[in-house]
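Architecture and fold: a report
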Amino acid sequence: MKNVLLYLLSLIAFSTLNAQHQPKKIHFTSINSVGMLNGEIASTFTMQSINGLQYKKLSAGIGIGIDNYGYRTIPFTFYIKHSFLKGNTHPFLFSDMGVGKYVETNNQSEKWPYGLKPSSVKNSFCGEWGIGFEKTISNGCLFFMSAGYSLKKFAYTQKLPWINSPTDNEYRYNYSYNRYVLKMGVQLY
Amino acid sequence: MVRKMKMVKKVATLGFACLVVIASFLGCMKDKATKTYKVYKPIVEKLSQIHAKIKNTQPQSINTIGKICLYNDYIFAISPDKGIHVINNKNTVSPSNESFIVLPGCGDIAIVGDVLYADCYSDLVTINISKLPQVEVVKIIPNHFPDKRSAYGIYVDSTEAIVGWDVKDTVVSQSINGENDYVLIRGDVLLSSNTSSPANNSVGVNGSMSRFAVQNNYLYTVSSYNLSAINITNLTNPIVVSNKYIGWNIETVYPFKDKLFIGSQTGMFVYDISTPTTPVYVTQFRHARVCDPVIADSNHAYVTLHTESEGNASNSLISCTGGDINELDVLDVSNLSNVKLIKEYNMAQPKGLGKEGKTLVICDGKEGIKFYDATDPANLLLVKTIEISNAYDVICWNGIALVSAKNGLYQYQYSNLNDIKFLSKLVY
């Protein structure tokens, strides 16, 4: 967790240094955000750093973040955003899809059914879709807020050693976490 | 300015619309979770139909070997629930798979004077093997192992047996918070026996995991809770003379002189068979709930305690998961009224064991097979470890250790403990 945070902060700092210049037609952009994931079982903190390219009103990049909802995962995603209208303040639509990789937490053993560590955890789909507003706050820097729907799939298999069954004794669990997500952050370009 | 106001209005309107859309979703933003597992439906068959299938066939490819029995120049290796591989071992350097006895529901055997006794689901069958490869069923004692009429909580009539399972995947909704739902729990578990031959008949040598033991003119069998004495004076007409409840989770029986050493999941029990028809309880040595084959000589008993690891219970009727205990216990049994623990030796995952003279051989799971100099049981000297993948049963006989393991049947000559020689490997 600590390493991931450090990595994200480093990425943001690096992006900031590299993005403070007059934009070209196609240029590097970095989108960094923090926010909340709200769903049936919890409201949890999330953060993400996306780094990629911007062409006019279209931005696309590769994202990495933290998703603490349910079982903690690190989402590796492909992000695409399209802004509308002109001026200092304008709306945008975004789509973010990829794979969430499971990361063990300190109290994780309490979360597994029967307290039993799974024999395998699958990297599963994750995605976010929504809208937002962005406002230019300085040259090469946009502040934005966004809201949207977030889906996280999560799957694992447990082998239950104490159950004697005719063939295997596996339980396979599949989760679909449906959340809405609120984020704010800066886009550097 | 006007233009800017229009744009702000547009943005605000669009934003508001989107928030309404998101808000409308909030009510149906439920998380979903499912749990997928297998549901088993038993396939039941009449025992009379099963008995009709007992016959000799061409040698079958060896996939899984359960318990083994050494009889004259032959190795009888059980393919659990399917039958018995008959392996000619006259040439110990090159054993040959000669035939297969189809015997559904078979888990244990004993052989005396060309007569083979085996379980066939809940029945005890007597088979004449004097004209191998031809075999002939000569007697069936019905319902001798009533505990084998049930599996995983399902019971069948004494004339029927569960021969297989129809398996279907089932998906159920699961609590999103991962709440525990508890399911059925079951918990089980091989030696070279010191047998004495009835009359002048030769007796097969069983591994330490065997539930059958032959002593004098009696065959002793253990089910998960019963000890039975069967008079085999007339080999082809065995007669059950006693049935005794001796406690639950019984796994193995080992004969030594006028005693039976019985291994259970909770301890070792000793029964006196001076009067063969009525075994009498003498003493016990209790231990934690683990699997424990036991062997003994005049003064000492050797008990291996092991915990069955995940996914490794293929050769066991029940799995042992009661604790993280893997050791060899050496007991002083010279005074049966006061059985004493002499020493515990740490092991990896010990299973079957065998002893001949001063040589003790232990199958120690993934670490392989271990040869000990047991001159001083309180100070066993490890002479050699041979890495064999998941060795689980051994028979020590005439200076040869016959080892059944996950990937083959091995033979080693240990008559010179300092020069243990590999003889053969029959690959599955």
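This text goes with the structure placed above it.
So, here's what we can say about the structure. (Residues numbered from 1 in each chain as written. Chains lettered and ligands numbered in written order. Predicted model: local features only at pLDDT ≥ 70, side-chain atom pairs only at ≥ 80, totals over all residues. Heavy atoms only, no water.)

Considerations on the overall build of chain A
The line we're drawing: Put simply, DSSP marks the helices as runs of H or I at least four residues long and the strands as runs of E at least two long, and each gets a number from the N terminus on. Buried means the residue's accessible area, taken with a 1.4 Å probe over protein chains only, is under 20% of the maximum for its type, while exposed means over 50%, and partly exposed covers the values in between. We call two residues contacting when some pair of their heavy atoms lies within 4.5 Å. Values of accessible area rely on a 1.4 Å probe in the Shrake-Rupley scheme; residue burial ignores everything except the protein chains shown.
The helix and strand tally for chain A stands at two helices and nine strands. Walking chain A from its N terminus toward its C terminus, one meets helices and strands in the order α-β-β-β-β-β-α-β-β-β-β. When each of the 189 residues of chain A is scored for burial, the buried share is 52%. When contacts within chain A are restricted to residue pairs at least 6 apart in sequence, those whose partners lie at least 24 apart make up 62%. With an accessible surface of roughly 8600 Å², chain A has 63% of that area assigned to carbon and sulfur atoms.

A look at the pattern of salt bridges
Inclusion rule: A side-chain nitrogen of Lys or Arg and a carboxyl oxygen of Asp or Glu constitute a salt bridge if their distance falls within 4 Å.
One pass over the full model with this rule turns up 17 salt bridges over all chains. Here Lys81 of chain A ties to Glu134 of chain A by a salt bridge, and the two come within 2.6 Å at their closest N and O atoms. With a gap of 53 residues between them, Lys81 of chain A in strand 4 (residues 73–83) and Glu134 of chain A in strand 7 (residues 124–138) connect regions that are remote in the sequence. We note that Lys81 of chain A, like Glu134 of chain A, is buried. For Asp364 of chain B, the salt bridge is made with Lys370 of chain B, and the minimal N-O distance between the two is 2.6 Å. In this structure, Asp364 of chain B and Lys370 of chain B share a single accessibility class: buried.

What about empty space enclosed by the protein?
To find the voids left in a structure, one rolls a probe of water-molecule size over its atoms. All names here are of chain A. This is how it is decided: Only protein atoms enter the 1 Å grid used here, on which a cavity is any set of points holding a 1.4 Å probe that cannot leave and a pocket is any open set flanked by protein within 12 Å on both sides along at least five of seven lines; residues with an atom within 4 Å of a point are listed as lining. Grid points are joined across faces, edges and corners, and a volume is the space filled by probe spheres set on the points. Only Asp, Glu, Lys and Arg are considered charged, only Ala, Val, Leu, Ile, Met, Phe, Trp, Tyr, Cys and Pro nonpolar, and every remaining residue, Gly among them, polar.
In this structure, the largest cavity spans a volume of roughly 130 Å³. Lining the largest cavity are 16 residues, and of these Gln48, Asp67, Pro75, Asp96 and Glu128 lie nearest its centre. Put simply, the parts of the chain that give the lining of the largest cavity at least two residues each are strand 2 (43–55), strand 3 (58–67), strand 4, strand 7, strand 8 (141–159) and strand 9 (170–188). Taken together, the residues that form the lining of the largest cavity break down as five nonpolar, six polar and five charged.

Description of the packing of aromatic side chains
Worth spelling out the cut-off: Two rings from Phe, Tyr or Trp (for Trp, the six-membered ring) form a pair when their centres sit within 6.5 Å of each other. Planes less than 30 degrees apart are called stacked, planes more than 60 degrees apart edge-to-face, and all others tilted.
Within the structure shown, the criterion is met by 34 aromatic pairs over all chains. Plain terms: the ring middles of Trp112 of chain A and Tyr156 of chain A are 4.8 Å apart, the flat faces sit at 70 degrees to each other, and that makes the pair edge-to-face. Separated by 44 residues along the polypeptide, Trp112 of chain A in the loop between helix 2 (108–111) and strand 6 (120–122) and Tyr156 of chain A in strand 8 bring together distant segments of the chain. Under the relative-accessibility criterion, Trp112 of chain A is labelled buried at 3%. Ring centres 4.9 Å apart and planes at 25 degrees place the aromatic pair Tyr156 of chain A and Tyr173 of chain A in the stacked group. In this pair, Tyr156 of chain A is assigned in strand 8 and Tyr173 of chain A in strand 9, connecting sequence segments 17 residues apart. Residue classification places Tyr156 of chain A among the buried positions, given a relative accessible area of 2%. An aromatic cluster of at least three residues, connected via ring pairs, comprises Tyr69, Tyr71, Tyr102, Trp112, Phe154, Tyr156, Tyr171, Tyr173, Tyr175 and Tyr177 of chain A together with Tyr37 of chain B.

Structural notes on the nonpolar core
Residues and elements named next belong to chain B. Rules: The set of buried Ala, Val, Leu, Ile, Met, Phe, Trp, Tyr and Cys residues whose side-chain atoms join them within 4.5 Å is what this entry labels a nonpolar core.
In this structure, Phe261, Met268, Leu328 and Leu360 are the most contacted members of the largest nonpolar core, which totals 27 residues. Broken down by secondary-structure element, the contributors of at least two residues to this core are strand 19 (250–256), strand 21 (267–272), strand 23 (294–296), strand 24 (300–305), strand 25 (327–332) and strand 28 (359–364). A per-element tally of this core places strand 24 first, with four residues. Ile78, Ile101, Leu103 and Ala161 belong to the second largest nonpolar core, which has 23 residues in total.

Considering the sheet that holds strand 32 (residues 400–405) of chain B
Residue and element names in this part refer to chain B. Definition in use: Paired strands, in this sense, are two strands between which DSSP finds at least two bridges. Orientation is described by axes fitted as lines to C-alpha atoms, over the contacting stretch for helices, and by angles from 0 to 180 degrees between their N-to-C directions.
Overall, antiparallel pairing links the four strands, which are arranged 31-32-33-34 in an open sheet. Among the strands making up the open sheet, the edge pair consists of strand 31 (391–397) and strand 34 (421–427). Strand-to-strand twist in this sheet, taken as the mean axis angle between neighbours without regard to direction, amounts to 20 degrees. Across six bridges, strand 31 lies against strand 32 in antiparallel orientation. Paired with Ile395 across the two strands is Leu402, which belongs to strand 32.

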